[in-house]
Structures are given as C-alpha cells and as structure tokens.
Amino acid sequence: EAIFTQARAEFRQNHSGLEIHTEISVSPEDDLELRRITITNRSSATRNIELTSYAEVVLATPAADAAHSAFSNLFVQTEFVRKSSAILCTRRASSPEEKPPWLLHLMLVQGDGHGEISCETDRCRFIGRGGTLANPAALQGNAPLSNTVGSVLDPIVSLRRVVTLDPHETVVVDLVLGMTESHEGALTLIEKYQGSRLADRTFDLAWTHSQVTLRHLNAAEWE
C-alpha cells in the first residue's frame, strides 16, 4: 500500500512474516530527508534482520554530473563517524574561494538489541567485480561492510546494522540524508538527530507546514 499526502509518503508491505511501514518526509527547518522504517516480526520465530542503506553521491549540478560524471567523482571525499552512526561527504575545493557543501547520512535504531554499525563509501566494493545493483556483492552473506572511506573512485553512502526481533517485536529505524554548508554544520545536524524526539518533530513540523500552506492557498488535501 502506498499513501501520499502533503506532509509525507508512506509505504506498507508484508514480506516473509515481516510487516514493514516506511514514512518519508522532508524537514521544513533543516535541509534533510527523514525515512522512518518500522519493522514488526509477525512470525513465531526470532529473526535477525540485516538493514543496509544505499545512495550514490553526486555533490554537483545535474549538468556538471551529466557532462563529466566519472571525473567529478574523483574529487569527493568521505568520512565515517562511527560513534554517531554517520557518514560525511564533501568535494575538494578547486580554489580557495570555493566552499563545497557537505552531505550527511546516518542510520539510527531505537532501543537495544542491534549490532555494530558498518559503512561503505566505495561503489565498486559494494557492487563487486561483475556485479550489479540488483545483486550486489555487499548483500551476499552477512559480513559487515568494509568501512572504506577517504578518496574513492566512485562514491556512495551505505550503512549497515543487524537487528534481532523476537516474535511480534517491533523495531524503528531512522535514516537521515541531508546537506549543510560546512563540516561543523554537518556534525551539528548529526548530533541534533541522534534521538528520536527530533525525528518525531520533523514529521510534526512537516504536517503543520503542509496545513499552513493549504490554508494559505484555500485548498483541501482531499477532493
């Protein structure tokens, strides 16, 4: 089931005894997208769920990426902040006046019973030799990701965690993807969203902002 409103998009799915509810919203106060994934184990067996995120890094205008994608990727640098479960990315400046933006990505699991965080920022390592995104090497087996960071040929952001769910137990995972103007600003946002309270606030603010916009337009969400 898919539900789209002014404030968020929602997707509900049942698969192999798991009930999965995904909510996606954009913060009205910070430059970031929040994805909240709620997983419930509806089976009678304990399940170990491997959660892996994946996104490709550009940090350039669409025109620049289309014209020189491979060359542009060579200037992206990545950083792993393990204690905050986050990856940071930026582009090396081509001049002293240039101030490239910073991308941040974090995965937060509410509650206990989850494994250590691991990351991957090299697309070649994630996909593997001769592999594809439909069947990448990183999803073969249950090993942690390689934690490769720094200057990579083809940058991505990927985080992995394993959570254990007893029968009828629920876990909530928040995935944050955002942009800031500086390294300090990225670290500030990462620390800001470490708790579930700020994530809850994002959904609440998005709903309030959508209602104010509709009222200003004298429009209704449903016709």
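Quick summary incoming for the structure in this document. (Residues numbered from 1 in each chain as written. Predicted model: local features only at pLDDT ≥ 70, side-chain atom pairs only at ≥ 80, totals over all residues. Heavy atoms only, no water.)

**What to know about the packing of aromatic side chains**
Each aromatic ring pair is characterised by the separation of its centres together with the angle its planes make. Considering all chains together, one arrives at 3 aromatic pairs under this definition. Aromatic pair Phe4 and Phe11: ring centres 5.7 Å apart, planes at 85 degrees, arrangement edge-to-face. Among the residues examined, Phe11 registers a relative accessible area of 33% and is labelled partly exposed. When the centroid spacing of 4.8 Å and the interplanar angle of 40 degrees are considered together, the rings of Tyr54 and Phe126 count as tilted. Of this pair, Tyr54 sits in the loop between strand E5 (47–52) and strand E6 (55–56) while Phe126 sits in helix H3 (residues 123–127), and the two are 72 residues apart along the sequence. Here Phe126 falls in the buried class, since its relative accessible area comes to 4%. (Phe/Tyr/Trp six-rings, centres within 6.5 Å; stacked < 30°, edge-to-face > 60°. Buried < 20%, exposed > 50% of the residue type's maximum accessible area, 1.4 Å probe, protein only. Helix = DSSP H or I, 4+ residues; strand = E, 2+ residues; numbered from the N terminus.)

**Description of the sheet that holds strand E3 (residues 18–26)**
Judged by pairing direction, the sheet is antiparallel, and its 9 strands sit side by side in the order E1-E2-E3-E4-E13-E9-E8-E7-E11 without closing on themselves. Each end of this open sheet is capped by a strand with a single partner; those strands are strand E1 (2–4) and strand E11 (150–151). As judged from the 6 bridges shared by strand E7 (residues 76–81) and strand E8 (residues 86–91), these two strands associate in the antiparallel manner. Of the residues in E8, the one forming a bridge with Thr78 is Cys89. Each of strand E4 (32–41), E7, E8, strand E9 (102–109) and strand E13 (170–180) touches helix H4 (residues 183–192); the most contacted strand, E9, lies at about 15 degrees to it. The sheet strands contacting helix H5 (residues 196–217) are E3, E4 and E13, and the helix crosses E4 at an angle near 110 degrees. (Pairing = 2+ DSSP bridges. Contact = heavy atoms within 4.5 Å. Axes fitted to C-alpha atoms, helices over the stretch in contact; angles between N-to-C directions.)

**Examining unusual backbone geometry**
In the Ramachandran plot, Ser16 falls in the positive-phi region, its phi being about 50 degrees despite a non-glycine side chain. Along the polypeptide, Ser16 turns up in the loop between strand E2 (9–15) and E3. For Ser85, which is not glycine, the phi torsion reads 55 degrees and is therefore positive.

**Considerations on the environment of Gln13**
Mapping Gln13 onto the fold places it in strand E2. Classification of Gln13 as partly exposed rests on a relative accessible area of 44%. Taking the C-alpha atoms as reference points, Gln13 and Glu1, separated by 12 residues in sequence, lie 6.7 Å from one another. Contacts of Gln13, omitting those with residues within four sequence positions, involve Leu18, Glu19 and Ile20.

**Description of the pattern of salt bridges**
By the definition in use, this model includes 12 salt bridges. Residue Arg201 is joined to Glu29 by a salt bridge in which the shortest nitrogen-to-oxygen separation is 2.9 Å. Remark: Glu29 occurs in the loop between E3 and E4 and Arg201 occurs in helix H5; sequence separation between them is 172 residues. Residue Glu29 is classed as partly exposed on the basis of its relative accessible area, which comes to 35%. (Salt bridge = Lys/Arg side-chain N within 4 Å of Asp/Glu carboxyl O.)

**Quick look at H4**
Buried residues of H4: Ala186, Leu189 and Ile190, and no others. The buried residues of H4 all sit within an arc of 100 degrees when viewed along its axis, so they share a single face. Pointing more than 90 degrees away from the buried face of H4 are the exposed residues Glu184 and Thr188. As for H4, its buried residues are in contact with E4, E8, E9 and E13. (Arc of directions from axis to C-beta.)

**Quick notes on the side chain of Asn41**
With respect to the helices and strands, Asn41 occurs in strand E4. There is a polar contact of 3.2 Å between the side chain of Asn41 and the backbone oxygen of Leu165. There is a polar contact of 3.2 Å between the side chain of Asn41 and the backbone oxygen of Asp166. Aside from chain neighbours lying at most four places away, what touches Asn41 is Gly17, Leu18, Thr46, Arg47, Leu165, Asp166, Pro167, His168 and Glu169. (Polar contact = N/O pair within 3.5 Å; in protein donor to acceptor, adjacent residues only side chain to side chain.)

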